[in-house]
Amino acid sequence: MGQNPISEEEFDAALSLRHGAENQKILKRARVAVFGLGGLGSHTAFFLARMGIGSLHLIDFDRVELINLNRQQYLLSHVGQYKTEALAAQLWEINPYLNLSLDTVRVTPENAPALAANSDVICEAFDAPEEKAMLVNAVWESAPEKRIIASSGMAGFESGNTVITRKISSHFYLCGDGVSEGHRGNGLTAARVAICAGQQALMAARLILGREEP
Amino acid sequence: MITVNGSPAEGAGRLLLDFLRENGYDPARIAVERNGAILSRSRFGETWLDEGDALEIVQFVGGG
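Residues numbered from 1 in each chain as written. Chains lettered and ligands numbered in written order. Predicted model: local features only at pLDDT ≥ 70, side-chain atom pairs only at ≥ 80, totals over all residues. Heavy atoms only, no water.

Chemist: What exactly am I supposed to notice about the sheet that holds strand β4 (residues 121-124) of chain A here?
Modeler: Within a sheet, each strand pairs with its neighbour through backbone hydrogen bonds, oriented either parallel or antiparallel. All names here are of chain A. Pairing is mixed across the open sheet formed by seven strands, whose spatial order is β3-β2-β1-β4-β5-β7-β6. Single-partner strands in this sheet number two, and they are β3 (99-103) and β6 (164-169). In this sheet, adjacent strand axes meet at a mean angle of 20° when their direction is disregarded. Sheet analysis places strand β2 (residues 55-59) next to β3, joined by five bridges and oriented parallel. Across the sheet, residue Leu-56 finds its bridge partner in β3, namely Leu-100. Those strands touched by helix α4 (residues 83-94) are β2 and β3, and its axis lies near 170° from that of β3. (Pairing = 2+ DSSP bridges. Helix = DSSP H or I, 4+ residues; strand = E, 2+ residues; numbered from the N terminus. Axes fitted to C-alpha atoms, helices over the stretch in contact; angles between N-to-C directions. Contact = heavy atoms within 4.5 Å.)

Chemist: How should I be thinking about the state of the cysteines in this particular structure?
Modeler: Put plainly, two cysteines are in a disulfide when a covalent bond ties their sulfur atoms together. Residues and elements named next belong to chain A. Counted by the stated rule, this structure contains zero disulfides over all chains. Here Cys-123 is not disulfide-linked; the sulfur of Cys-175 is the nearest cysteine sulfur, at 8.0 Å. For Cys-123, a relative accessible area of 0% translates into the label buried. No disulfide involves Cys-196; its sulfur sits 5.3 Å from that of Cys-175, the nearest cysteine. With relative accessibility at 0%, the residue Cys-196 sits in the buried group. (Disulfide = S-S within 2.5 Å. Buried < 20%, exposed > 50% of the residue type's maximum accessible area, 1.4 Å probe, protein only.)

Chemist: Could you clarify how one ought to interpret helix α7 (residues 190-208) of chain A in this entry?
Modeler: For an α-helix, the turn length of 3.6 residues means that residues three or four places apart are oriented alike. Residue and element names in this part refer to chain A. The end-to-end C-alpha separation of α7 is 27 Å, in line with the 27 Å expected for 19 residues at 1.5 Å each. Of the residues making up α7, those classed as buried are Arg-192, Val-193, Ala-194, Cys-196, Ala-197, Gln-200, Ala-201, Met-203, Ala-204, Ala-205, Leu-207 and Ile-208. Among the residues trailing α7, Gly-210 stands out with phi positive, at a value near 85°. (Expected span 1.5 Å × (residues − 1).)

Chemist: I would appreciate a short explanation of the sheet that holds strand β1 (residues 2-4) of chain B in the present structure.
Modeler: Read from one edge to the other, the open sheet built from five strands follows the order β2-β1-β5-β3-β4 (chain B), with strand pairing classed as mixed. Of all the strands in the sheet, the pair left with one neighbour each is β2 (7-9) and β4 (37-39) of chain B. Shown here is a sheet whose adjacent strand axes are inclined to one another by a mean of 35°, direction ignored. For β1(B) and strand β5 (residues 54-59) of chain B, the ladder comprises two bridges, and the chain directions are parallel. Looking at the pairing, Thr3(B) lines up with Ala54(B) of β5(B). Each of β3 (30-34) and β4 of chain B touches helix α6 (residues 129-142) of chain A; the most contacted strand, β3(B), lies at about 40° to it.

Chemist: Help me understand the pattern of salt bridges in this model?
Modeler: Side-chain pairs of opposite charge can arise where the charged atoms are in close proximity. Residues and elements named next belong to chain A. Counting across every chain of the model gives 14 salt bridges over all chains. A salt bridge links Glu-131 to Arg-106; the nearest nitrogen and oxygen atoms lie 3.8 Å apart. Taken as a pair, Glu-131 in helix α6 and Arg-106 in the loop between β3 and α5 (112-116) lie far apart in primary sequence, 25 residues in all. We note a salt bridge from Arg-192 to Asp-177, for which the minimum N-O separation is 2.8 Å. Here Asp-177 lies in the loop between β7 (172-176) and α7 and Arg-192 lies in helix α7, a separation of 15 residues in the sequence. What makes Asp-177 buried here is its relative accessible area of 18%. Several salt bridges share partner residues, and in doing so they unite Glu-8, Asp-12 and Lys-28 into one network. (Salt bridge = Lys/Arg side-chain N within 4 Å of Asp/Glu carboxyl O.)

The following block contains the structure:
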């Protein structure tokens, strides 16, 4: 992080001015995990950091590639870097007092419970449907009290108005249109995946602030 | 009768795992809630569906 000429109090004051002091106090205490830092998770993490969430846990095994730049929150200078590290460097440019935990690992049913353990809200932002389901089920097995915001269906140039948040149950929310699968020739597009990330990050902030309806 | 994602379905008396397979669900790509409570994957093979059960089955599609 290095020396910051701006104090933590000044950062808090700037955020409080926008979000309200009471809200900001609650958001700063919150801990959110983002599983997967691709098109969805990289944007979700950016939004969470800008909203003043105090602690983020970022999890991804992969490195930034040129083919990611059409939709993911990385720049040409990040190509080749681990996504965890490339994202952390940017988030600390937004707020150097943000607490970040980085895990550059592939998530499995075995390590998922420990990776989720320290966060209040879990954002699932994986690419493969099997990994999405694996994470939700692994967290349910180990910590059913955790609140999970998962994602499904955000590819292509379809309308952004269908990318919504649904409350499946008190601890399980789903963002996306539910059907638009990403594949070659109909991949994720920057704006539409960012709409989904906005839904996901906003729902996380709302839950932290005690607002449980999407 | 049971309901699946709000629609009526035949399934009472069936094992959940059998019901899922017979209805085209891939157990590796879904998350299931039964009567508002989460039902993790390890219990699919030991959960019997009762008359009136309400299932919410989330089928994940790729992309994220």
